[in-house]
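Architecture and fold: a report
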Amino acid sequence: MIVGIDVGGTKALGLLVDPDDGRIVARTKKSSHGSGDELVARLTEIVADLSERSPEPLQRVGLGIAGLAARTGVVRYSPNLPNLVEFPVGQLLAETTQTDLITINDATAGTWAEAKLGAGRGTEDFAYVALGSGIGTGFVAGGHLLLGANGFAGESGHMTVDASGPAHITGEPGPWEYFASGNGLGRLGREAATAGDFPAVVALVSDINEIRSEHVITALNQGDPTAAEIFDGFCREAARGIANLILILDSSRVVIGGGLAEVGEPLRAGIDDWLQRLLLGSEHRPRVEVVLATFGSESGALGAALVAADPLGL
């Protein structure tokens with residue numbers, strides 16, 4: 001059995017996976033907040049928990065991390081996980097769990113899961129877009145997973161879409177994930193609530209500063225018109241970045257994953273609608289498919305397990 005772990009900006013999800021067929025046997029989740037040492041302790045607990053629930057001894061652990069995750073197990077840079085920058089999380093986890101461990105970027109891992117078992121099957125050219133605390137992407141082109149020289153390919157959330165826009169947590173102005181990540185959706189909700197235009201979401205929290213993306217989604221599901229307007233604008237900004245990716249890569253399909261994929265059809269349909277309007281020359285090219293990831297927010301952890309099971313298969 002293989003353990004796959006996806007470490008994002010807010011949580012760490014662990015899956016126990018049967019490497020023979022990719023079947024998910026068990027799940028566990030913990031917060032990813034805190035220091036590097038605290039995270040290693042939580043990840044160790046994840047591995048121990050899943051190991052106890054495994055019908056067979058663990059063979060290997062795959063660790064997917066948001067950011068520039070080097071194959072050595074060191075996180076070179078991760079604005080959504082600042083306490084892990086230049087921190088050897090993979091090396092330490094391998095030591096504490098006494099397992100053979102492989103480290104990879106979480107969105108790259110998610111791309112691999114969808115390519116092998118999910119929504120990427122049937123095409124040799126697709127883009128995987130993980131909408132979570134930030135935005136991670138991965139690409140299959142000509143049937144091959146794009147890794148880049150250092151395995152860092154896919155940091156598209158940090159590409160600039162508005163050079164005169166607000167500064168992101170990185171200090172850079174107007175990156176895509178400022179506008180179209182889960183954190184971005186929560187910010188839109190807080191701004192509307194502060195302006196007095198979003199009573200439906202204010203009713204869900206005790207403090208406006210506590211408004212997060214999940215509160216906006218709750219209001220959306222309740223049929224609130226302000227939530228619908230905010231969400232439509234969010235889908236527009238998600239589609240804007242995706243259009244840029246398609247202009248570069250000519251992908252035939254876009255697979256939407258990450259935590260926000262749990263919103264389901266409203267997210268897929270909203271991005272699809274805006275993509276056809278924003279993509280230059282869309283009326284002159286075959287329609288680009290927009291689909292939800294088969295494994296939703298679990299793609300990254302599943303992909304990390306699949307990479308660990310067959311690292312030479314990438």
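Look up a bit, the structure's there.
What this report covers is the structure whose coordinates are included nearby. (Residues numbered from 1 in each chain as written. Predicted model: local features only at pLDDT ≥ 70, side-chain atom pairs only at ≥ 80, totals over all residues. Heavy atoms only, no water.)

With respect to the helices and strands, Ser-133 occurs in the loop between strand 8 (126–131) and strand 9 (135–141). The residues contacting Ser-133, other than those within four sequence positions of it, are Gly-9, Thr-10, Asn-80, Ser-181, Gly-182 and Asn-183. (Helix = DSSP H or I, 4+ residues; strand = E, 2+ residues; numbered from the N terminus. Contact = heavy atoms within 4.5 Å.)

Residues spaced three or four apart along an α-helix point in a common direction, a consequence of the helix completing one turn every 3.6 residues. Of all 11 residues in helix 10 (residues 299–309), 10 are buried, a share of seventy percent or more. Listed as buried for helix 10 are Ser-299, Gly-300, Ala-301, Leu-302, Gly-303, Ala-304, Ala-305, Leu-306, Val-307 and Ala-308. (Buried < 20%, exposed > 50% of the residue type's maximum accessible area, 1.4 Å probe, protein only.)

Contact pair helix 1 (residues 36–53) / helix 2 (residues 89–97): the axes reach a minimum separation of 9 Å and the direction vectors enclose 45 degrees. Overall, the two elements helix 1 and helix 2 adopt an arrangement that is oblique. Of the two possible hands of crossing, helix 1 and helix 2 adopt the one that is right-handed. Judged by residue contacts, Asp-37, Val-40, Leu-43, Thr-44 and Val-47 of helix 1 engage Val-89, Leu-92, Leu-93, Thr-96 and Thr-97 from helix 2. (Axes fitted to C-alpha atoms, helices over the stretch in contact; angles between N-to-C directions. Parallel < 35°, antiparallel > 145°, perpendicular 65-115°, else oblique. Left-handed = near helix turned anticlockwise from the far one by under 90°.)

Time to look at the packing of aromatic side chains. On inspection of all chains with the given rule, the structure shows two aromatic pairs. Between Tyr-178 and Phe-179, the aromatic rings sit 5.1 Å apart at their centres with planes inclined by 80 degrees, giving edge-to-face as the arrangement. For the pair formed by Tyr-178 and Phe-179, the shared burial category is buried. Residues Phe-231 and Phe-234 carry aromatic rings whose centres are separated by 6.1 Å and whose planes lie at 25 degrees to one another, so their mutual orientation is stacked. You can see Phe-231 and its partner Phe-234 sitting in helix 8 (residues 225–249), three residues apart, about one turn around the helix. The pair formed by Phe-231 and Phe-234 is uniform in burial state, with each residue classed as buried. (Phe/Tyr/Trp six-rings, centres within 6.5 Å; stacked < 30°, edge-to-face > 60°.)

What follows concerns the pattern of salt bridges. For the structure on display, the rule yields 16 salt bridges. The closest approach of N and O atoms between Arg-187 and Glu-191, which form a salt bridge, is 3.1 Å. Of this pair, Arg-187 and Glu-191 both sit in helix 5 (residues 182–194), four residues apart, which is roughly one turn of that helix. Judged by its relative accessible area of 14%, Arg-187 falls in the buried class. With relative accessibility at 42%, the residue Glu-191 sits in the partly exposed group. Taking the shortest distance from any N to any O, the salt bridge between Arg-240 and Glu-237 comes out at 3.0 Å. Of this pair, Arg-240 and Glu-237 both sit in helix 8, separated by three residues, roughly a single helical turn. Accessibility expressed as a relative area gives 30% for Arg-240, which makes it partly exposed. Residues joined in a network through salt bridges with shared partners are Glu-265, Arg-268, Asp-272 and Arg-287. (Salt bridge = Lys/Arg side-chain N within 4 Å of Asp/Glu carboxyl O.)

Okay, the sheet that holds strand 2 (residues 11–18) next. Spatially, the five strands line up as an open sheet ordered 3-2-1-4-7, and their pairing is mixed. What marks the edges here is a single partner per strand, and that holds for strand 3 (23–31) and strand 7 (101–105). This sheet shows a mean twist of 20 degrees between the axes of neighbouring strands, independent of strand direction. Judged from the five bridges that link them, strand 4 (residues 60–65) and strand 7 form a sheet pairing that is parallel. Among the inter-strand pairings, Gly-64 is bridged to a residue of strand 7, identified as Ile-104. (Pairing = 2+ DSSP bridges.)

This brings us to the nonpolar core. In this structure, Leu-267 and Ile-271 are the most contacted members of the largest nonpolar core, which totals 40 residues. Secondary structure elements with two or more residues in this core: strand 8, strand 9, helix 4 (176–180), helix 5, helix 7 (213–221), helix 8, strand 11 (253–257) and helix 9 (265–278). A total of 11 residues in this core trace back to one element, the largest contributor, which is helix 8. Discounting residues that sit within four places of it in the chain, Ile-271 has contacts with Leu-131, Cys-235, Ala-238, Ala-239, Ile-242, Ile-256 and Val-290. (Core = buried A, V, L, I, M, F, W, Y, C linked by side-chain atoms within 4.5 Å.)

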